[in-house]
Amino acid sequence: MHCYVINLPSAVRRLERTKRELATYCPKLTWSVPPMFVAAEMSDEQFAAVYDSNAAWKLHNRDLSRGEIACALSHQSALREFLKTEDSCCMIVEDDVLFSPAIGDFLDGLQNWMSRRSEKPTCAVLSEAAAVRYWTARRWIGDIKRTRPIEIYGAIAYVVNRAGAKSILETNAVPIKTMSDQWAFYRQNGLSVFGVDQFLAGSFDFSREDSSLSSGRAEVYQQSCKKVARPSLLKRKMMGVKAYARRIFWLLSGVWGGGETARIPDYIKMQIEKGAR
C-alpha cells in the first residue's frame, strides 16, 4: 500500500516528524507528497474557479475558508495520484498524524479486506468517531472492530479503495462545496464509511504553532455570523431542546462517544512529553 502525505512545502518540520512516524509504525508502506494547493499562493480568480460559495452555504450555513478549500483540493490531488496507479487502495494522512503501534498489522489486514470490496466505494477512517452506535461494531482485524459512525470528523488518516476515491471526487467535484472530512456528506452520496473502535491514528498537538487552516476557519466563521441574522430567543431555546433531545435519543439507541474526536492515549502523550515522538 502507498501512503500520500498532505504536507505544504513550507512545513518541513511536520514532514520530518511524519516520516519518522511512518518509518517506525508503517515500515512496509511507501509514501510520497502529492501536488499541493497552497492557499497563500492562490489568487482570488483561482479560488472563484474552484469553489462554489452558494453550495457551501446550503451545506454549512457559512463560507469555507481559503485554507479549507486548498486542503480539500490537496486531498483530491492525492486521490487523483492514487487513481493513476494500479493499486487497490491507498492511505492518505495529514502531516500532523500520530500512529498507534497497532497500525502496521491492522493495515496488512485492511488491505486484504479492501481488495474484496473493489466494486463498493469504501473508506476506513482511522481516527476515533465522535459518536457510534455500539451495536454496529463488528469484529474486523485482530482485536479491532469496525463501526458505522454517526459522527466522525477529521481526515488525519484514512484508507480508501479505487471506487471510494472516485465517489469522493464525484461528490465534491470542482467547484468544491465542502471540506475533505465531511464523511457524513460523502456517505449520503454512496460512500461506505467505516470507523474503528479504538485509537489507531490521531493528531499531534501543534497548538503552539500558527495554523493557517484554524485561523482562516475562525475568521470566515466570524464573517459568516455577521451575514446571518441572530436567531430569536424562541428559536435559540428550540435549538437547545433539539440538541438535548438528540443526546437522549443517542443514549436510548445505544450510542457511545459524543466527545472529542481522535483522543490521544495517555501513553502516547507521555512519549510526546519526553520527546520520543
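Everything below is about the structure shown above.
Description of the structure in this document. Just so you know, these numbers come straight off a predicted model, no measurement behind them. (Residues numbered from 1 in each chain as written. Predicted model: local features only at pLDDT ≥ 70, side-chain atom pairs only at ≥ 80, totals over all residues. Heavy atoms only, no water.)

**Some remarks on helix H6 (residues 162–171)**
Judged by how many residues are buried, H6 sits mostly within the fold: seven of ten residues are covered. Along H6, the residues classified as buried are Ala 163, Gly 164, Ala 165, Ser 167, Ile 168, Leu 169 and Thr 171. Structurally, H6 contributes buried residues whose contacts are with helix H4 (66–83), strand S5 (122–125), strand S10 (157–161) and helix H7 (183–188). (Buried < 20%, exposed > 50% of the residue type's maximum accessible area, 1.4 Å probe, protein only. Helix = DSSP H or I, 4+ residues; strand = E, 2+ residues; numbered from the N terminus. Contact = heavy atoms within 4.5 Å.)

**Examining the nonpolar core**
Residues Met 91, Phe 99, Phe 106, Leu 107, Leu 110 and Leu 126 are the most contacted members of the largest nonpolar core, which totals 31 residues. Among the elements of the structure, strand S1 (2–6), helix H1 (12–25), strand S3 (89–94), strand S4 (97–99), helix H5 (103–115), strand S7 (138–141), S10 and strand S11 (192–196) are those that each provide at least two residues to this core. When residues in this core are grouped by element, the largest group, six residues, is from H5. Setting aside its immediate chain neighbours within four residues, Met 91 contacts Met 1, His 2, Cys 3, Tyr 4, Leu 22, Cys 26, Leu 29, Phe 99, Leu 107, Leu 126, Tyr 158 and Val 159. Counting 22 residues, the second largest nonpolar core, distinct from the first, contains Ile 6, Ile 152, Ala 165 and Leu 191. (Core = buried A, V, L, I, M, F, W, Y, C linked by side-chain atoms within 4.5 Å.)

**Quick word on unusual backbone geometry**
Following Val 174, the chain continues into Pro 175 via a peptide bond in cis, with omega recorded as 5 degrees. Note on placement: Pro 175 falls in the loop between H6 and H7. Positive phi, close to 60 degrees, is recorded for Asn 61, a residue that is not glycine. Relative to the helices and strands, Asn 61 resides in the loop between helix H3 (53–60) and H4. Owing to a relative accessible area of 48%, Asn 61 belongs among the partly exposed residues under this scheme.

**So, the pairing of strand S8 (residues 144–147)**
One ladder, built from three bridges, connects S7 with S8; its direction is antiparallel. Paired with Arg 138 across the strands is Arg 146, a residue of S8. Hairpin connection between S7 and S8: a loop of two residues separates the two successive antiparallel strands, and Gly 142 in this loop has a positive phi of roughly 60 degrees. Bridging between S8 and S11 involves two bridges; their strand directions are antiparallel. Paired with Thr 147 across the strands is Gly 195, a residue of S11. (Pairing = 2+ DSSP bridges.)

**Observations concerning the environment of Ala 56**
With respect to the helices, strands and loops of the structure, Ala 56 is situated in helix H3. Measuring from C-alpha to C-alpha, the distance between Ala 56 and Ile 176 comes to 8.1 Å, with 120 residues separating the pair along the chain. Excluding residues within four positions of it along the chain, Ala 56 makes contact with Tyr 51, Asn 61, Arg 62, Leu 64 and Lys 177.

**Describing the packing of H4 against H6**
The interhelical angle for the contact between H4 and H6, taken along N-to-C directions, is 140 degrees, at an axis separation of 10 Å. Relative to H6, H4 is oriented oblique. As H4 runs across H6, the sense of the crossing is left-handed. The residues of H6 that touch H4, namely those facing Gln 76, Leu 79, Arg 80, Phe 82 and Leu 83, are Arg 162, Ala 165, Lys 166, Ile 168 and Leu 169. Per-class residue counts for the contact of H4 with H6 are six nonpolar, one polar and three charged. (Axes fitted to C-alpha atoms, helices over the stretch in contact; angles between N-to-C directions. Parallel < 35°, antiparallel > 145°, perpendicular 65-115°, else oblique. Left-handed = near helix turned anticlockwise from the far one by under 90°. Nonpolar A, V, L, I, M, F, W, Y, C, P; charged D, E, K, R; others polar.)

**A word on the packing of aromatic side chains**
Working definition: an aromatic ring pair is given by the centre-to-centre distance plus the angle between the planes. Counted under the stated rule, the structure contains seven aromatic pairs. Ring geometry for Phe 106 against Trp 140: centres 5.4 Å apart, planes inclined by 80 degrees, an arrangement best described as edge-to-face. One end of the pair, Phe 106, is in helix H5; the other, Trp 140, is in strand S7, with 34 residues separating them in the sequence. With a relative accessible area of 2%, Phe 106 lands in the buried category. On the accessibility criterion, Trp 140 (12% relative accessible area) is buried. In this structure an aromatic cluster arises from ring pairing among Phe 106, Trp 113, Trp 140 and Phe 194. One cation-aromatic arrangement involves Arg 162 over Phe 82; the distance from NZ or CZ to the ring centre is 5.5 Å. (Phe/Tyr/Trp six-rings, centres within 6.5 Å; stacked < 30°, edge-to-face > 60°. Lys NZ or Arg CZ within 6 Å of the ring centre and 35° of its normal.)

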